[in-house]
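Observations on chain architecture
The chain contents come next:
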Amino acid sequence: MALQKKMLHLGYRSLFCDANRNFLLQASGLHKSAASGSFEITAHGQAGLQENVVPPAPEVQKLDRVKTLKEMPGPSAIGNLIEFFFRDGFSRIHEIQLEHSQKYGKIFKSRFGPQLVVSVADRDLVAQVLRAEGVAPQRANMESWKEYRDMRGRSTGLISAEGDEWLKMRSVLRQLIMRPRDVAVFSDSVNDVIVDLVKRIQKLRTQQPDGQTVLNVNDLFFKYAMEGVAAILYETRLGCLEDEIPKMSLDYIKALHLMFSSFKTTMYAGAIPKWLRPVIPKPWEEFCSSWDGLFKFSQIHVDKKFSEIKKKIDRGEEVKGGLLTHLLVTKEMDVEEIYANMTEMLLAGVDTTSFTLSWSTYLLARHPHIQQQIFEEVTRVLGGRIPIADDIAQLPLIRGLVKETLRLFPVLPGNGRITQDDLIVGGYLIPKGTQLALCHYSTSMEEANFPGAEDFRPERWIRKDASDRVDNFGSIPFGYGIRSCIGRRIAELEMHLGLTHLIQNFRIEVSPVTQDVRPKTHGLLCPSAPINIKFVDRV
Ligand code: HEM
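All of these numbers come straight from a predicted model, not from anything done at the bench. (Residues numbered from 1 in each chain as written. Predicted model: local features only at pLDDT ≥ 70, side-chain atom pairs only at ≥ 80, totals over all residues.)

1. Considering the site of the ligand
Every one of the 27 residues lining the ligand counts as a neighbour, but Gly349, Thr352, Gly479, Cys485 and Gly487 are closest to it. Take the shell around the ligand: its biggest share by element is seven residues, from helix H16 (residues 335-366). Taken together, the residues that form the shell around the ligand break down as 15 nonpolar, eight polar and four charged. (Near = placed C-beta within 6 Å. Helix = DSSP H or I, 4+ residues; strand = E, 2+ residues; numbered from the N terminus. Nonpolar A, V, L, I, M, F, W, Y, C, P; charged D, E, K, R; others polar.)

Encoded structure:
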């Protein structure tokens, strides 16, 4: 089966990485953007539903003539096979994306078996594609998720659902967590988790000879992210930052690791048709067993909250609470939909946030003068007091730090879509039903979009005045529009508050045991080696 199929079993890490995978397959086009000529093409923008704001892309393009996919350049299928299966391309998907876009151009096609993927590696063309999306954009490669859910009689959640089903759930959740002010109410819960994070750092440091180093900070941030997102989603603490992690939370972590650790195996095995599963059963079994673990965990927490609410109602008490309470009380979703969404959101919210925090601390440690500027901003604004969500607007360098980290290390270096209409992009007619790969890593690293693209410059994101818009489609780490990341504001809250606390408490330095750490793709873009950080007390 096609590469697309192979990717099916991979979990959140890989889900949004259709683009990544597609780079496997890619060949490329040559155009900078739409060509010039006599044709006029108008992208049909989608009114009213966009959830983040970026400057408008040119909507009218003039073309000599519309070309067909046959004319689109790109690497050969055999070249891709060699690249991915014999040259460890799966760990270098981001680099291959960049190489292919440099070699073949801003729009190129790749073939892997019967699967054709069109990659778009130009900021304005990405903008055009996303601005033309309909009311329920379709994500690619979700078949294995759906198959599991059908097999177990489970509902899909936001990540795996499509069409009306997705639209219904999205319209419920977007009212609750999409705007910064929706999540500001979670400041105190997140700050409680941060207090435990700082304590954990202090404890872990004592285990190293220098009394300052925390080995493999990603392990720490993974637990922080899990604890933080669960505090918001489940309104409960999981004990991930304790010395003894409760068994239930440990089981969940195991299920999550199983989902991701078998990345390569499942990737290869995904190519194997269903009828071969009895002969090579392991990948599918691991995939199902990790989903079983993830669903079980959510179900336990949702049921627990449900019975607490019921008891309160039976006693005639007022029911107050956060996100889960709201969903259970209002019944805007049925309970299976709540299980599925809680499961998918927890899955989506842990590695993404923890990798970004790991890279942020690494970048701060490698750039002490920038860290000093951020420390000065934090001290000037907060004067040592604990930050809350409302303070973040006054901390542009903290926001710039997160944006710049995600530009240099976008956890999802590419994203995928199935086109729902015929489109003309970059002078090519892309028929309805084509798989598109949006190459966010390439556009993030492009000099024309970000001068000094290799450099770490958080200040590049600071707006000088209201008319100065620095956001652009070159770096859209949370996606764009109606199908963009629903957890963006939650992730930002955890990262902004967490990093502010860390900078207030510690000078962050690279431990001598840390080498130069490069990114690698393992579904998500992650550090290729442990990042060991020294947390030196600021006195
Ligand atoms: C640094 C952190 C994060 C990054 C960079 C990130 C990035 C993304 C991206 C690129 C997408 C795909 C958007 C698209 O297809 O256009 C996505 C979707 C999604 N994310 Fe995140 N994410 C992060 C954290 C979170 C968190 C904390 C949660 C949950 C609390 C979450 C939940 C989701 C869900 C449910 C979707 C699917 C949305 C839909 O299809 O309607 N993410 N995320």
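Having put the structure on the table, let's press on.
2. Regarding the sheet that holds strand E5 (residues 213-214)
The pairing of strands in a sheet comes from backbone hydrogen bonds and takes either a parallel or an antiparallel form. Spatial ordering of the open sheet is given by E5-E13-E10, a layout of three strands whose pairing is antiparallel. Pairing within the sheet leaves two strands with one partner each, and these edge strands are E5 and strand E10 (506-510). Bridge count between E10 and strand E13 (residues 533-537): five bridges; the pairing is antiparallel. Bridged to glutamate 509 within E13 is lysine 534. (Pairing = 2+ DSSP bridges.)

3. Side note on the UniProt feature "binding site: heme" (unreviewed entry) in the chain
According to UniProt, the "binding site: heme" (unreviewed entry) feature falls on Cys485. Looking at the element boundaries, cysteine 485 is found in the loop between helix H19 (440-444) and helix H20 (488-505). Look past the residues within four positions of cysteine 485 in its chain and what remains in contact with it is Phe478 and Gly479. (UniProt positions renumbered as here; feature names shortened; annotations may be inferred. Contact = placed C-beta atoms within 7 Å.)

4. Side note on the nonpolar core
Within the largest apolar cluster, 97 residues are counted, with the highest numbers of intra-cluster contacts made by Val229 and Leu233. It is H16 that provides the largest number of residues to this core, a total of 15 residues. Sequence-distant contacts of valine 229, defined by excluding residues within four places in its chain, comprise Leu346, Gly349, Val350 and Ile490. If you look at the next biggest cluster of nonpolar residues, it comprises 28 residues, including Phe108, Val126, Val129 and Ala132. (Core = buried A, V, L, I, M, F, W, Y, C linked by C-beta atoms within 7 Å. Buried ≥ 20, exposed ≤ 12 C-beta atoms within 10 Å, placed from the backbone.)

5. Let's talk about the environment of valine 120
Structurally, valine 120 can be placed in strand E4 (residues 115-120). Overall, the presence of 30 C-beta atoms within 10 Å leaves valine 120 in the buried class. Taking the C-alpha atoms as reference points, valine 120 and isoleucine 107, separated by 13 residues in sequence, lie 4.7 Å from one another. Beyond its immediate stretch of four places on either side in the chain, valine 120 contacts Ile107, Leu125, Val126, Val129, Val425, Leu436, Leu438 and Cys439.

6. Focus: the sheet that holds E4
If you trace the four strands from one edge of the open sheet to the other, you get E3-E4-E9-E6, paired in mixed fashion. Lying at the two open borders of the sheet, with one neighbouring strand each, are strand E3 (107-112) and strand E6 (415-418). Averaged over all pairs of adjacent strands, the angle between strand axes in this sheet comes to 25°, irrespective of strand direction. Relative to E4, E3 runs antiparallel, the two sharing six bridges. Among the inter-strand pairings, serine 110 is bridged to a residue of E4, identified as valine 117. (Axes fitted to C-alpha atoms, helices over the stretch in contact; angles between N-to-C directions.)

7. Section: the environment of glutamine 207
One can find glutamine 207 in the loop between helix H10 (187-205) and E5. Spatially, the C-alpha atoms of glutamine 207 and lysine 403 are 33 Å apart, while their sequence positions differ by 196 residues.

8. As for unusual backbone geometry
Positive phi outside glycine occurs at aspartate 88, with the angle close to 50°. On the secondary structure map, aspartate 88 appears in the loop between helix H4 (77-86) and helix H5 (93-104). Positioned with a positive phi, glutamate 235 is a non-glycine residue whose angle comes to about 55°. By secondary structure assignment, the location of glutamate 235 is in the loop between helix H11 (217-233) and helix H12 (247-261). With 19 C-beta atoms counted inside 10 Å, the residue glutamate 235 sits in the partly exposed group.

9. Observations regarding the pairing of strand E12 (residues 524-527)
Of the pairings in the sheet, the one linking strand E11 (residues 519-522) to E12 comprises four bridges and is antiparallel in character. Its bridge partner lying in E12, proline 519 is registered against proline 527. Counted along the chain from E11 to the antiparallel partner E12, the turn is one residue long, and its residue glycine 523 has a positive phi close to 80°.

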